Amino acid sequence: MGKALADRYPAARAVFEEVDAALGEKLSDIMWEGPKDVLTLTENAQPALMAVSMAALRVLEGEYGLDLEKQVKFVAGHSLGEYSALAAAGTFQLADAARLLRRRGQAMQAAVPVGEGAMAALLGVGLDVAETVAKEAAQGDVCQVANDNEPTQVVLSGAKAAIDRVMDISKAHGVRRALPLPVSAPFHCALMQPAADVMAEALASVQMTAPCVPVVANVRAAPISDPDEIRQLLVEQVTGTVRWRECMLAMTSAGVKSFYEVGAGKVLSGLVRRIDRDAAGQAVGTPEDIEAVGGQLGA
């Protein structure tokens, strides 16, 4: 995870070293050598994913002359990726982003005892149907939309009993498939309020500046630039819906047709055409990816 970037590019290696120093431990060793079950702990996975995104970005900037302020209209990130987007746009220092995500991961894991929460993806239906299913399944328990990812994929989150009921009733609402997710906690629902309280305190103590380009916020699905507003929406994001489909539509309606998923994975770039057929997404996470797109992204 990110090792090929570090091996080839000094700018990428410097990012991993700075994240290690900020956390006071060699997170990079866990990323590159494992064990996998330690890396996938949310307190490690969150800063690790941010580090890979920032490493790839620093290479694009240093090797290919990418200038976010001049060449990019918006930045955005899905859930923890919003911190990566903010770090990319200069709102956070890299070290602060790493420490915030470590704290976020710890707080989210601690908010709900293991086994009391769950999440499920509903495939083949959109937001309206998902909200109906969530309301019917709640029966006094927490059950709400966590992620509106694309027109036919919505994730629900809440109490395990409620998510179990989701699995039972979803087919009657036209859901093609209800898929329980292998997560350690019910993210982006009201059960995460203790974690939101922790993040409110953590964010209050971090220096933030206006991003060099607007950030399309998860819970607002609209571009924002004011640091105080960013701070508040990051707190709301812990318990609120990641309105990714709407975030993408906000950008395409503003004329954006090319999207680059900078960092590990290809999930978000794969969603682009499902949301807007006229838009294109490309993953940029490996040295090969960077070389392929560096020329078109460069100044």
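Overview of the structure. (Residues numbered from 1 in each chain as written. Predicted model: local features only at pLDDT ≥ 70, side-chain atom pairs only at ≥ 80, totals over all residues. Heavy atoms only, no water.)

1. Let's talk about the overall build of the chain
Part 1: Each helix and strand counted, the chain has 15 helices and 8 strands in total.
Part 2: A compact globule built from 299 residues should have a C-alpha radius of gyration of about 19 Å, and the chain, at 19 Å, falls within 12% of that.
Part 3: Within the span of the chain, comprising 299 residues, buried residues form 52% of the whole.
Part 4: Put simply, the chain shows about 12900 Å² of open surface, and 50% of that area lies on carbon and sulfur atoms.
Part 5: A gap of 5 Å separates the mean positions of the 27 positive and 37 negative side-chain charges of the chain. (Helix = DSSP H or I, 4+ residues; strand = E, 2+ residues; numbered from the N terminus. Rg over C-alpha atoms; globule rule 2.2 N^0.38 Å. Buried < 20%, exposed > 50% of the residue type's maximum accessible area, 1.4 Å probe, protein only. Areas by Shrake-Rupley, 256 points an atom, 1.4 Å probe, with all protein chains shown as cover. Lys, Arg positive; Asp, Glu negative; His and termini not counted. Charge placed at Lys NZ, Arg CZ, Asp CG, Glu CD.)

2. Here we look at the side chain of Gln 153
Part 1: Topologically, Gln 153 is positioned in strand β3 (residues 153-159).
Part 2: Here the side chain of Gln 153 touches Asn 149 through a polar contact of 2.8 Å, side chain to side chain.
Part 3: In contact with Gln 153, other than residues within four places in its own chain, are Leu 122, Leu 123, Val 125, Asn 147, Asp 148 and Arg 274. (Polar contact = N/O pair within 3.5 Å; in protein donor to acceptor, adjacent residues only side chain to side chain. Contact = heavy atoms within 4.5 Å.)

3. Side note on the environment of Leu 27
Part 1: Inspection of the secondary structure assignment puts Leu 27 in helix α3 (residues 27-33).
Part 2: Its relative accessible area of 1% is what places Leu 27 among the buried residues.
Part 3: On a C-alpha basis, the gap between Leu 27 and Arg 99 in space is 12 Å, while along the polypeptide they are 72 residues apart.
Part 4: Once residues lying within four places of it in the same chain are set aside, the contact partners of Leu 27 are Val 19, Asp 20, Asn 44, Pro 47, Ala 48 and Arg 102.

4. Regarding the packing of helix α11 (residues 193-204) against helix α12 (residues 227-239)
Part 1: For the pair α11 and α12, interaxial distance at closest approach is 8 Å and the crossing angle is 160°. What the angle tells us is that α11 and α12 run roughly antiparallel. Crossing handedness for the pair α11 and α12: right-handed. For the pair α11 and α12, contact is made by Gln 193, Ala 195, Ala 196, Met 199, Ala 200, Leu 203 and Ala 204 and by Arg 231, Leu 234, Val 235, Val 238 and Thr 239, respectively.
Part 2: Of the residues belonging to the contact of α11 with α12, the class tally is 9 nonpolar, 2 polar and 1 charged. (Axes fitted to C-alpha atoms, helices over the stretch in contact; angles between N-to-C directions. Parallel < 35°, antiparallel > 145°, perpendicular 65-115°, else oblique. Left-handed = near helix turned anticlockwise from the far one by under 90°. Nonpolar A, V, L, I, M, F, W, Y, C, P; charged D, E, K, R; others polar.)

5. Considering the sheet that holds strand β1 (residues 117-123)
Part 1: As summarised here, the arrangement of the 4 strands in space is β2-β3-β1-β4, forming an open sheet in which the pairing is antiparallel. A single partner strand is all that each edge strand has here, and the edge strands are β2 (143-150) and β4 (177-180). Strand-to-strand twist of the sheet, defined as the mean angle between neighbouring strand axes without regard to direction, takes the value 25°.
Part 2: Bridge analysis of β1 against β3 gives 7 bridges, and the strand direction is antiparallel. Its bridge partner lying in β3, Leu 122 is registered against Val 154.
Part 3: Running at roughly 85° to β2, helix α14 (residues 267-275) makes contact with β2 and β3 of the sheet. (Pairing = 2+ DSSP bridges.)

6. A word on the pairing of strand β8 (residues 280-284)
Part 1: Note that strand β7 (residues 258-262) and β8 share 5 bridges and pair parallel. By the bridge assignment for β8, Ser 258 is matched with Ala 280.
Part 2: Chirality of the crossover, the property in question, places the unit of β7, α14 and β8 among those that are right-handed. (Right-handed = clockwise from strand over helix to strand, strands pointing away.)

7. Regarding the environment of Glu 201
Part 1: Secondary-structure assignment places Glu 201 in helix α11.
Part 2: Judged by relative accessible area, Glu 201 falls into the exposed class, the value being 65%.
Part 3: Note: C-alpha distance between Glu 201 and Val 235 (34 residues apart in sequence) is 9.3 Å.

8. Here's the deal with the pattern of salt bridges
Part 1: Under the counting rule described, the total for this entry stands at 14 salt bridges.
Part 2: Among the ionic pairs, Lys 26 bridges to Asp 20, the shortest N-O distance being 3.9 Å.
Part 3: Since its relative accessible area comes to 48%, Lys 26 is described here as partly exposed.
Part 4: Look at Asp 20 and you get buried, because its relative accessible area is 7%.
Part 5: Between Glu 150 and Arg 274 there is a salt bridge, with its nearest N and O atoms 3.1 Å apart. Of the two residues, Glu 150 is situated in strand β2 and Arg 274 in helix α14; the sequence distance between them amounts to 124 residues.
Part 6: Residues joined in a network through salt bridges with shared partners are Arg 8, Glu 288 and Glu 291. (Salt bridge = Lys/Arg side-chain N within 4 Å of Asp/Glu carboxyl O.)

9. Some thoughts on the side chain of Asp 20
Part 1: Tracing the backbone through its elements, the reader meets Asp 20 in helix α2 (residues 10-23).
Part 2: A distance of 2.6 Å separates polar atoms of two side chains, one belonging to Asp 20 and the other to Ser 28.
Part 3: Residues within four places of Asp 20 in sequence aside, it is in contact with Glu 25, Lys 26, Leu 27 and Ser 28.

10. Looking at helix α8 (residues 94-111)
Part 1: Between its first and last C-alpha, α8 extends 26 Å over 18 residues, near the 26 Å set by a 1.5 Å rise per residue.
Part 2: Of all 18 residues making up α8, 13 are buried, and the element is well covered by its neighbours. (Expected span 1.5 Å × (residues − 1).)

Nothing here speaks to function; it is all geometry.
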